[in-house]
Amino acid sequence: MSAPDPATPRLAIDELIACPRCDALHRAELPHAGERAICRRCGTVLIAPRAGSYGRILMLATTIMILMFGAVFFPFLQLRVAGLRSDASVFDTARAFAGGNMAPLAVAVALLIVLIPVLRVLLISYVLAPLAAGRRPARHAAAAFRLSEDLRPWSMAEIFVIGTAVALVKLADLAQVVLGPAFWMFAALVVVTVLQDGFMCRWSIWRALEAER
Amino acid sequence: MPLVDLAGAGGGTLSAEALTSAREAGLVGCTRCTRVWPRGTRVCGRCGGALHSRRPQSLQRVWGWWFAGLICYIPANLYPMLRTRTLLTVQEDTIVGGAIELATHGALAVALIVLIASVAIPVAKFMAIAYLALNLGHRARLTAHRRQQLYELVEFIGRWSMIDVFVVAILSSLVQLNAIATINPGPAAFTFALSVIFTMLSAQSFDSRMIWDRAA
Ligand SMILES: [Zn+2]
Ligand SMILES: [Zn+2]
């Protein structure tokens, strides 16, 4: 990213980019694929294009959906004590709380670890599928991408994975506890989500949405 | 196409300090898609997001959520997070009590994780947000760059305080073995979750561009 050149101080407004973190103005220059343009003042990544990224993001989105399906219905912890067995899947957890006075807690947990991540994947796929196929953006694609970006901090599957591990240790005295298949699916989900995020250049997507409108 | 005079406020040198901000150039930058528009534009033509040179009432919102978070954080520490009922006993654990319990059973590393996620991070977060909100512009002792890093740390790490809420949810769904043992969430689970959510909203309300504004 270059600072505005003082020799040619007058630039068209759409050649400029303002850092969302510190408001510094730069002239937008597309870096080579794999390279990143960062803010000269605060170091925020402004542009990070990846060749063929739309296709890869869509592939990873499909992977996330499949993993999430398993992660919800398989048990993530299994407990054995005095001949009794207890399995807990995310689905069971949500159902167990649905009636009681802890229903708000159950709803919050279901939102944070399942519904919001799934919604984000759907929104991203909706936005990128037409772009990957070289077609015009879908209707309301900008609003969909905005919502997906707003929901990003509220998608907490990775925190749930660590929570499961802590719960496992807490229960170790009380009973014999085993990690269930869903734990590993959640763990894989976290890795795939991080990969997907790495492929996503927000600036490129916004510009593609604008150019094709 | 409107043309922009960039030589104006920033000066001719290319040092980081001399960079012009969109506001100084009479423009407004979109914080979602980084597109730049003439000052006074209301909605970004690229992404459809609302445009604000600096988010209005940013600090009021920061403090509003901050106090809401603090008010929820106090009962979260006083009331039990977990109620464990076994054949003979009923045990209630607060956040700190639960961590001590873990430590006495030898699980030091996990006790440490719980203490960091549920005590150290929330407390540090309250202090960091207050520091950032009270030290805008160039009056602060930390450089703008350091404060920006602090803000990014707060944003990144704040979500991790949710660990304890998830642990409570997991334990109470798993341990429902009628006669032998049941674990149920205590009132603190709810207020703690609210406290984490409110402080996340507080951090999100902060417009980090204010960190970099030259003193008026
Ligand atoms: Zn910047
Ligand atoms: Zn925009």
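Reading the values: rules and limits
- Residues numbered from 1 in each chain as written.
- Chains lettered and ligands numbered in written order.
- Predicted model: local features only at pLDDT ≥ 70, side-chain atom pairs only at ≥ 80, totals over all residues.
- Heavy atoms only, no water.
- Patch = residues over 30% accessible without salt bridge, like charges linked within 9 Å, V, L, I, M, F, W, Y side chains within 5 Å.
- Areas by Shrake-Rupley, 256 points an atom, 1.4 Å probe, with all protein chains shown as cover.
- Salt bridge = Lys/Arg side-chain N within 4 Å of Asp/Glu carboxyl O.
- Helix = DSSP H or I, 4+ residues; strand = E, 2+ residues; numbered from the N terminus.
- Buried < 20%, exposed > 50% of the residue type's maximum accessible area, 1.4 Å probe, protein only.
- Donors = N, O, S within 2.8 Å, 3.2 Å for Na, K, Ca; no water.
- Tetrahedral: all angles 85-135°; square planar, octahedral: opposite > 155°, others 65-115°.
- Contact = heavy atoms within 4.5 Å.
- Buried area = accessible area lost by both parts, 1.4 Å probe.
- Polar contact = N/O pair within 3.5 Å; in protein donor to acceptor, adjacent residues only side chain to side chain.
- Nonpolar A, V, L, I, M, F, W, Y, C, P; charged D, E, K, R; others polar.
- Phe/Tyr/Trp six-rings, centres within 6.5 Å; stacked < 30°, edge-to-face > 60°.

Draft legend 1. Here's a closer look at a nonpolar patch on the surface. Residue and element names in this part refer to chain A. A cluster of nonpolar side chains, namely Phe69, Phe73 and Phe91, defines an oily patch on the protein surface of about 340 Å² accessible area. Tracing the backbone through its elements, the reader meets phenylalanine 73 in helix α1 (residues 53–73). Judged by its relative accessible area of 43%, phenylalanine 73 is partly exposed.

Draft legend 2. Spotlight on the coordination of the zinc ion (ligand 1). Residues and elements named next belong to chain A. Around the zinc ion (ligand 1), the donor atoms from the protein are Cys19 (SG), Cys22 (SG), Cys39 (SG) and Cys42 (SG), and they sit 2.2 to 2.3 Å away. Geometry at the zinc ion (ligand 1) is tetrahedral, judged from the four donor atoms that bind it and their angles of 103 to 115° at the metal. Every donor residue of the zinc ion (ligand 1) comes from the same chain, spaced as C-x2-C-x16-C-x2-C. Within this pair, whereas cysteine 22 is found in the loop between β2 (16–18) and β3 (25–27), its partner cysteine 42 is found in the loop between β4 (37–38) and β5 (45–47), the two being separated by 20 residues in sequence.

Draft legend 3. Looking closely at the interface of chain A and chain B. In this assembly, 67 residues from chain A lie in contact with 74 residues from chain B. Taken together, both faces of the contact between chain A and chain B bury some 6600 Å²; the carbon and sulfur share is 70%. Contact with chain B buries surface across chain A, with Ile13(A), Arg21(A) and Arg41(A) losing the most and accounting together for 13% of the total. For the pair chain A and chain B, the interface holds seven salt bridges. Between Arg35(B) and Glu210(A) there is a salt bridge whose closest N-O contact spans 3.1 Å. Where chain A touches chain B, the interface holds 18 residue pairs in polar contact (both at pLDDT 80 or more). Residues of the side of chain A that touches chain B, tallied by class, amount to 44 nonpolar, seven polar and 16 charged.

Draft legend 4. Structural view of the packing of aromatic side chains. Counting across every chain of the model gives 15 aromatic pairs over all chains. The interplanar angle of 75° and the centroid separation of 5.8 Å between the aromatic rings of Phe160(A) and Phe166(B) together place this pair among those described as edge-to-face. Here Phe160(A) is found in helix α5 (residues 157–171), whereas its partner Phe166(B) is found in helix α6 (residues 163–174) on a different chain. Both residues of the pair, Phe160(A) and Phe166(B), count as buried. With a centroid separation of 5.2 Å and an interplanar angle of 75°, the aromatic rings of Trp63(B) and Trp66(B) are classed as edge-to-face. With a gap of three residues between them, Trp63(B) and Trp66(B) both fall in helix α2 (residues 58–78), about one helical turn apart. Look at Trp63(B) and you get partly exposed, because its relative accessible area is 23%. Trp66(B) gets classed as buried once you look at its relative accessible area, which sits at 12%. The structure contains a cluster of three or more aromatic residues connected by ring pairs, namely Trp63(B), Trp66(B), Phe67(B), Tyr73(B), Phe126(B) and Phe192(B).

Purely geometric numbers; function is a separate question.
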